[in-house]
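Listed here are the chains, written in short residue letters.
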Amino acid sequence: MNKVPITIMTGMIGAGKTKISNSLIRKKCSNCKVLIYQPDTLTVVEDISTKRPYRKLSHNAQFAKIITTQEQLISEVISYSKDKKPIDEIIIELAAGNPPQLFVEELYQLLEKYKLEETFYTQSLVSVIDAEQFWFDYTSNHYVLYTSNNNRMEQTFAEVMISQIEFCSHIVLNKCNFLSKESLDETVSFIKKLQPKAQIIFSTDGHVASHTFHSLEDVDLLNLKSNIGWKLELKQANLSTLSVAGKNGIDSFVYESHSPIQLEKLEEWFQTFPSEILRSAGYLWTLSEANGLELLHFSQVGASVIIETVDDDDYQHYTNTTKTKLVFFGFDLEDVEVTQQLNQCIISDNDINQTVV
């Protein structure tokens with residue numbers, strides 16, 4: 001028996017996920033099932049002064065079923081495996097704000113736990129982008145609120161969009177007809193910096209070819225993780241001399257330092273860092289009396305900056321060098337100026353000796 005493919009779609013509200021689902025169902029004329037995964041713990045919060053203009057009210061895909069928990073999700077998938085009429089495909093729409101990487105990893109675990117790996121496979125992870133709305137959302141004050149067990153966490157729209165774009169196999173750039181060629185080229189250039197390996201599909205009204213997301217193999221999660229734009233920039237930096245290469249005004253460069261970074265100074269710099277920087281990420285070495293020399297993962301999207309300990313895989317891969325390496329993406333970046341400013345955050349040899357002593 002052939003495995004049943006699963007297509008997972010992410011995207012912000014109004015991006016066109018549902019239209020794409022309906023388009024695929026109509027064109028395939030097959031027994032497709034659509035699930036909309038919308039956890040109760042997730043809320044989209046919009047600044048009323050800059051509320052997004054929606055062209056149409058949101059609507060559900062044909063024959064779609066809304067689910068709110070993992071238990072409901074796997075229950076539906078199990079029922080499909082027992083359906084008398086063979087299932088041709090499952091489309092899962094993730095509500096805006098669902099972390100795609102976490103969802104896919106949990107889905108793989110559930111399929112393995114219930115011994116369904118030989119029945120279903122994830123053929124594609126699709127990020128649907130509203131081209132007309134992209135920069136408005138990316139620079140807005142809107143955010144997604146996550147609440148669970150009295151815990152509260154917020155992510156800006158920009159952070160959510162980055163997670164959807166960087167971790168995907170296909171990108172549908174929808175509503176392209178509302179942009180000028182220059183604006184569209186600029187948007188595509190930035191998206192390719194974030195995720196250079198994903199296949200980009202251009203759409204005007206949610207229409208895509210029926211075979212667009214077709215694949216005979218599972219999405220390779222390790223490949224998706226390693227093919228994120230800033231990680232590829234780090235790899236290239238190891239192979240050649242560094243230079244700023246811009247297209248449509250979107251530049252990138254890698255900052256390197258053999259000396260540890262002082263976190264307090266770095267945090268101060270990000271209070272007034274150049275607005276041209278749209279995205280930066282990488283690894284940095286710090287030194288403190290409490291932890292000694294420590295490797296940290298760094299991620300910046302807009303005004304949001306996250307610095308955290310690295311996972312075991314990253315640590316094993318990166319501990320062969322004590323270099324700080326940060327990748328910057330943005331408009332017309334002044335790499336010399338940014339480098340000089342970051343050099344002011346380096347811990348001096350004198351401070352290193354005092355910390356070690």
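What you see is a predicted model, and the numbers here were worked out from it, not measured in a lab. (Residues numbered from 1 in each chain as written. Predicted model: local features only at pLDDT ≥ 70, side-chain atom pairs only at ≥ 80, totals over all residues. Heavy atoms only, no water.)

1. Points about the overall build of the protein chain
Here's step 1: Scanning the protein chain for helices and strands turns up twelve helices and 15 strands.
Here's step 2: Counting only residues that meet the buried cut, the protein chain has 48% of its 357 residues in that class.
Here's step 3: Taking as baseline every contact in the protein chain between residues at least 6 positions apart, the subset at least 24 positions apart corresponds to 80%. (Helix = DSSP H or I, 4+ residues; strand = E, 2+ residues; numbered from the N terminus. Buried < 20%, exposed > 50% of the residue type's maximum accessible area, 1.4 Å probe, protein only. Contact = heavy atoms within 4.5 Å.)

2. Digging into the pattern of salt bridges
Here's step 1: The full count for this structure, using the stated rule, is ten salt bridges.
Here's step 2: Between Glu-105 and Lys-225 there is a salt bridge whose closest N-O contact spans 3.0 Å. Within this pair, whereas Glu-105 is found in helix H3 (residues 100-113), its partner Lys-225 is found in helix H7 (residues 221-226), the two being separated by 120 residues in sequence.
Here's step 3: Assessed through its relative accessible area of 27%, Lys-225 is described here as partly exposed.
Here's step 4: A salt bridge links Asp-130 to Lys-175, with the nearest nitrogen and oxygen atoms 3.1 Å apart. Note that Asp-130 is positioned in strand S6 (residues 120-130) and Lys-175 in the loop between strand S9 (170-174) and helix H6 (181-194), a separation of 45 residues in sequence. (Salt bridge = Lys/Arg side-chain N within 4 Å of Asp/Glu carboxyl O.)

3. What about the packing of aromatic side chains?
Describing an aromatic ring pair means giving the distance of the ring centres and the angle of the ring planes.
Here's step 1: On inspection of all chains with the given rule, the structure shows 15 aromatic pairs.
Here's step 2: Their ring planes at 75 degrees and their centres at 5.9 Å tell us that Trp-135 and Tyr-138 sit as a pair that is edge-to-face. In this pair, Trp-135 and Tyr-138 are both assigned in helix H4 (residues 134-138), three residues apart and thus about one turn of the helix distant.
Here's step 3: Centroid distance Phe-270 to Phe-298: 5.3 Å. Interplanar angle 40 degrees. Geometry classified as tilted. Here Phe-270, found in the loop between helix H9 (263-269) and strand S12 (277-288), pairs with Phe-298, found in strand S13 (residues 292-301); they are 28 residues apart in sequence, far enough to count as distant.
Here's step 4: Of the residues examined, Phe-270 reaches a relative accessible area of 8% and is grouped as buried.
Here's step 5: By way of ring pairs, the aromatic residues Phe-253, Trp-269, Phe-270, Phe-273, Phe-298 and Phe-328 are connected into one cluster. (Phe/Tyr/Trp six-rings, centres within 6.5 Å; stacked < 30°, edge-to-face > 60°.)

4. Examining the sheet that holds strand S3 (residues 42-45)
Here's step 1: The antiparallel open sheet is built from three strands, whose spatial order is S3-S7-S8. Either end of the sheet is taken by a strand with one partner, and the two such strands are S3 and strand S8 (151-156). The average undirected angle you get between the axes of adjacent strands in this sheet is 20 degrees.
Here's step 2: The sheet contact formed by strand S7 (residues 143-148) and S8 spans six bridges and is antiparallel. Following the sheet pairing, Ser-148 is matched in S8 by Asn-151.
Here's step 3: Relative to the sheet, helix H5 (residues 157-166) contacts S3, S7 and S8, its axis offset from that of S8 by approximately 80 degrees. (Pairing = 2+ DSSP bridges. Axes fitted to C-alpha atoms, helices over the stretch in contact; angles between N-to-C directions.)

5. Focus on the nonpolar core
Here's step 1: One finds Ile-8, Ile-90, Ile-92, Phe-103, Phe-120 and Tyr-138 to be the most contacted residues of the largest nonpolar core, which totals 67 residues.
Here's step 2: Among the elements that take part in this core, H5 stands out by supplying six residues, more than any other.
Here's step 3: For Phe-120, the residues in contact, after removing those within four places along its chain, are Lys-3, Val-4, Ile-6, Val-77, Tyr-80, Ser-81, Ile-90 and Leu-111.
Here's step 4: Counting 17 residues, the second largest nonpolar core, distinct from the first, contains Phe-273, Leu-326, Val-338 and Cys-345. (Core = buried A, V, L, I, M, F, W, Y, C linked by side-chain atoms within 4.5 Å.)

6. Some remarks on the confidence of the model for the protein chain
Here's step 1: Residues of the protein chain with pLDDT of at least 70 account for 86%, and the chain-wide mean is 85.
Here's step 2: Note that pLDDT drops below 50 for residues 55-59; the model gives that stretch six contacts with residues more than four away or on any other chain.
Here's step 3: In the model, residues 240-245 has pLDDT below 50 throughout and makes twelve contacts with residues more than four positions away in sequence or in other chains. (pLDDT = per-residue confidence, 0-100.)

7. Observations regarding the sheet that holds S12
The strands making up a sheet associate through hydrogen bonds between their backbones, and the pairing can be parallel or antiparallel.
Here's step 1: Strand order in the open sheet made by the five strands is S11-S15-S12-S13-S14, with antiparallel pairing throughout. Whereas interior strands pair on both sides, the edge strands pair on one side only; in this sheet they are strand S11 (250-257) and strand S14 (304-309). Pairs of neighbouring strands in the sheet enclose a mean axial angle of 20 degrees, with direction left out of account.
Here's step 2: Relative to S14, S13 runs antiparallel, the two being bridged by six bridges. Looking at S14, one finds that His-297 is bridged to Glu-308.
Here's step 3: The strands that H6 touches are S11, S12 and strand S15 (324-331); relative to S11, the one it contacts most, it runs at about 30 degrees.
Here's step 4: Each of S11 and S15 touches helix H11 (residues 335-343); the most contacted strand, S11, lies at about 30 degrees to it.

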